[in-house]
Number of protein chains: 2
Amino acid sequence: MQTENKPLILVTNDDGITAPGIRHLIQIMKTIGEVVVVAPDRPQSGMGHAITLSDNLYCDPVTIDKYSQVKEYSCSGTPADCVKIGTQEILKRKPDLCVSGINHGSNSSINVIYSGTMSAAVEAGIEGIPAIGFSLLDYSMEANFDHTTKYIKRITNNVIQNGLPKGVVLNINFPKAGEEKLKGVKICRQAKAFWREQFDKRQNPQGRNYYWLSGEFVNEDKDGGTDVEALEAGYVSIVPVMFDLTAHQFIDDLKSWPIND
Amino acid sequence: MQTENKPLILVTNDDGITAPGIRHLIQIMKTIGEVVVVAPDRPQSGMGHAITLSDNLYCDPVTIDKYSQVKEYSCSGTPADCVKIGTQEILKRKPDLCVSGINHGSNSSINVIYSGTMSAAVEAGIEGIPAIGFSLLDYSMEANFDHTTKYIKRITNNVIQNGLPKGVVLNINFPKAGEEKLKGVKICRQAKAFWREQFDKRQNPQGRNYYWLSGEFVNEDKDGGTDVEALEAGYVSIVPVMFDLTAHQFIDDLKSWPIND
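Because the structure is predicted, anything quoted here is derived from the model rather than measured.

A. Quick look at helix α1 (residues 20–30) of chain B. Most of α1(B) sits out of view: 8 of its 11 residues are buried. For α1(B), the secondary structure elements touched by its buried residues are β1 (8–12), β2 (34–40), β4 (71–75), β5 (97–104), β6 (131–136) and α5 (149–162) of chain B.

Written out as structure tokens, the structure is:
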């Protein structure tokens with residue numbers, strides 16, 4: 001499977017190919033395997049699992065860091081597009097791993113649904129490639145990623161060694177760098193939380209109303225074992241994420257509905 | 001909960017507010033409740049659960065059909081944006097139901113992940129609103145939706161009467177209209193299928209390479225009970241869809257990994 005015993009690793013993100021988070025992740029992955037980067041040419045936060053169907057895609061070789069000796073490609077599409085074009089057009093063989101991030105901002109809880117970072121990991125998972133999304137609870141472009149390095153290496157090596165079950169990818173979130181050391185890793189479930197939207201209504205210079213989406217994160221899930229809880233307590237959270245969205249437990253109930261003749 | 005005992009129904013889609021599929025759905029929903037439409041101003045297929053974070057949103061009242069007597073709003077955002085702005089800014093109270101579609105094209109199997117239609121239903125579900133996405137296996141803008149009417153009414157009335165469990169929305173797909181009558185409804189699971197991508201590489205007039213994403217749908221899931229199987233056999237498929245993506249069955253395994261100190 002591996003060239004010179006080094007795993008082939010596809011790296012992508014949703015903040016764009018020049019974001020500090022992906023630059024940090026590339027440096028870590030270079031210590032683990034042969035790295036190829038295919039990432040969006042501009043920020044794509046909140047893109048969910050969008051793909052580009054009605055427009056063409058550009059995907060060009062690019063040099064961001066001339067000393068890094070990593071092949072990099074800048075793509076005009078979404079994170080999911082980057083994985084598709086990376087595996088089909090750029091890489092000569094199926095990668096052994098796909099990593100996405102490090103996202104500038106949380107992808108814990110329901111954020112996994114809106115996340116471009118995680119959609120790239122899920123897309124790789126759909127294609128049968130072990131995949132991990134990494135996110136840091138710090139939106140700043142000056143965020144400090146140093147505390148994530150040790151854990152990213154360890155988790156990545158475990159995934160390469162053990163593989164992941166078919167249909168499962170990992171969603172990893174890190175607390176913001178602080179004075180205290182990380183307490184360790186917790187395996188979690190996705191907290192049942194949501195965003196309470198607020199729309200900021202304004203007028204453009206022509207007098208037409210427009211809106212900015214903003215909101216407040218509401219977590220009423222206090223049952224324990226959630227990613228939000230782990231992160232608040234200073235742990236790295238790992239949630240195994242699947243893309244069979246079937247609510248199997250509701251199938252029997254639904255069968256009793258009088259829908260058929 | 002309901003004005004004059006009529007349920008308040010938010011209607012949206014991803015093909016855009018003028019698409020025949022949503023016009024058909026609006027006509028059906030008018031027989032069931034009070035309808036308000038908030039839908040994208042242009043096609044948004046393949047948008048997944050994208051939301052608009054880096055740009056402003058327009059959302060203006062619009063008259064598509066002057067005889068329909070339905071309040072309609074055209075929004076510059078994604079399907080998920082439409083639900084957010086619809087519930088927060090347009091509607092005076094929480095709707096009793098959100099319906100999305102009728103999509104021109106299948107959202108069975110893994111398509112649920114890429115689907116703007118389903119992301120609108122999921123967004124409503126996250127907000128605690130019973131929600132249904134409807135799709136027809138016919139991409140044509142001249143598609144015939146007549147055979148869907150009876151089932152859409154029946155399924156919608158059942159959802160209004162029984163509600164849906166917290167965290168679950170419905171994904172309904174209809175076979176393309178044909179000579180044979182629909183055989184009925186099957187409650188299904190999402191088929192484990194995927195798209196095998198093909199990129200069509202071209203050159204623009206300036207000589208720069210670009211790509212069109214296309215692909216072939218590959219279904220190797222032959223275990224029975226899937227939406228793809230039901231649709232091929234001439235049934236309407238209903239898949240209950242959840243947005244807790246946690247792969248609960250893998251949590252214990254993961255806890256045995258040597259990730260902590």
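B. Spotlight on the relation of the copies chain A and chain B. Taken as rigid bodies, chain A and chain B are interconverted by a rotation of 180° and an axial shift of 0.0 Å, the fit giving an RMSD of 0.0 Å. In the structure described here, the two chain copies are related by an operation that fits a two-fold rotation axis. Comparing contact sets, 99% of the residues at the interface of chain A also lie at the interface in chain B, consistent with an isologous, same-surface contact.

C. Representation of the pairing of β1(B) in the model. Residues and elements named next belong to chain B. In terms of burial, β1 is a largely internal element, 5 of the 5 residues being buried. Neither face of β1 is open: one carries L8, L10 and T12, the other I9 and V11, and all of them are buried. With 4 bridges connecting them, β1 and β2 associate as parallel partners. Looking at β2, one finds that V11 is bridged to V37. Between β1 and its parallel partner β2, the chain crosses via α1, and the hand of that crossover is right-handed. Pairing of β1 with β5, which is carried by 4 bridges, proceeds in the parallel orientation. Bridge pairing links L10 to C98 in β5.

D. Focus on the packing of aromatic side chains. Throughout the structure, instances matching the rule amount to 10 aromatic pairs over all chains. A ring pair is formed by F134(A) and F174(A), whose centres lie 6.4 Å apart and whose planes are at 25°; its orientation type is stacked. In this pair, F134(A) sits in strand β6 (residues 131–136) while F174(A) sits in strand β7 (residues 168–174), placing the two residues 40 residues apart along the sequence. With 6.2 Å between their ring centres and 90° between their planes, F199(B) and Y211(B) make a pair best called edge-to-face. With F199(B) in strand β9 (residues 193–203) and Y211(B) in strand β10 (residues 209–219), this residue pair connects regions lying 12 residues apart in the sequence. When its relative accessible area of 11% is taken as the criterion, F199(B) is described as buried. Judged by relative accessible area, which is 6%, Y211(B) ranks as buried. The ring of Y58(A) carries R208(B) above its face, with NZ or CZ at 3.8 Å from the centroid.

E. Spotlight on the sheet that holds β7(A). Residues and elements named next belong to chain A. Taken together, the 9 strands give an open sheet; going across it, the order is β3-β4-β2-β1-β5-β6-β7-β11-β8, and neighbouring strands pair in mixed fashion. Lying at the two open borders of the sheet, with one neighbouring strand each, are β3 (59–61) and β8 (185–187). Sheet twist, expressed as the average angle between the axes of neighbouring strands with direction ignored, equals 20°. Relative to strand β4 (residues 71–75), β3 runs antiparallel, the two being bridged by 3 bridges. Counterpart to P61 in the pairing with β4 is Y73. Set on the sheet, helix α4 (residues 116–126) makes contact with β1 (8–12), β5 (97–104), β6, β7 and β11 (236–242); between it and β6 the angle comes to about 170°.

Thresholds, definitions, all that
- Residues numbered from 1 in each chain as written.
- Chains lettered and ligands numbered in written order.
- Predicted model: local features only at pLDDT ≥ 70, side-chain atom pairs only at ≥ 80, totals over all residues.
- Heavy atoms only, no water.
- Buried < 20%, exposed > 50% of the residue type's maximum accessible area, 1.4 Å probe, protein only.
- Helix = DSSP H or I, 4+ residues; strand = E, 2+ residues; numbered from the N terminus.
- Contact = heavy atoms within 4.5 Å.
- Least-squares fit on C-alpha atoms with pLDDT ≥ 70 in both.
- Pairing = 2+ DSSP bridges.
- Right-handed = clockwise from strand over helix to strand, strands pointing away.
- Phe/Tyr/Trp six-rings, centres within 6.5 Å; stacked < 30°, edge-to-face > 60°.
- Lys NZ or Arg CZ within 6 Å of the ring centre and 35° of its normal.
- Axes fitted to C-alpha atoms, helices over the stretch in contact; angles between N-to-C directions.

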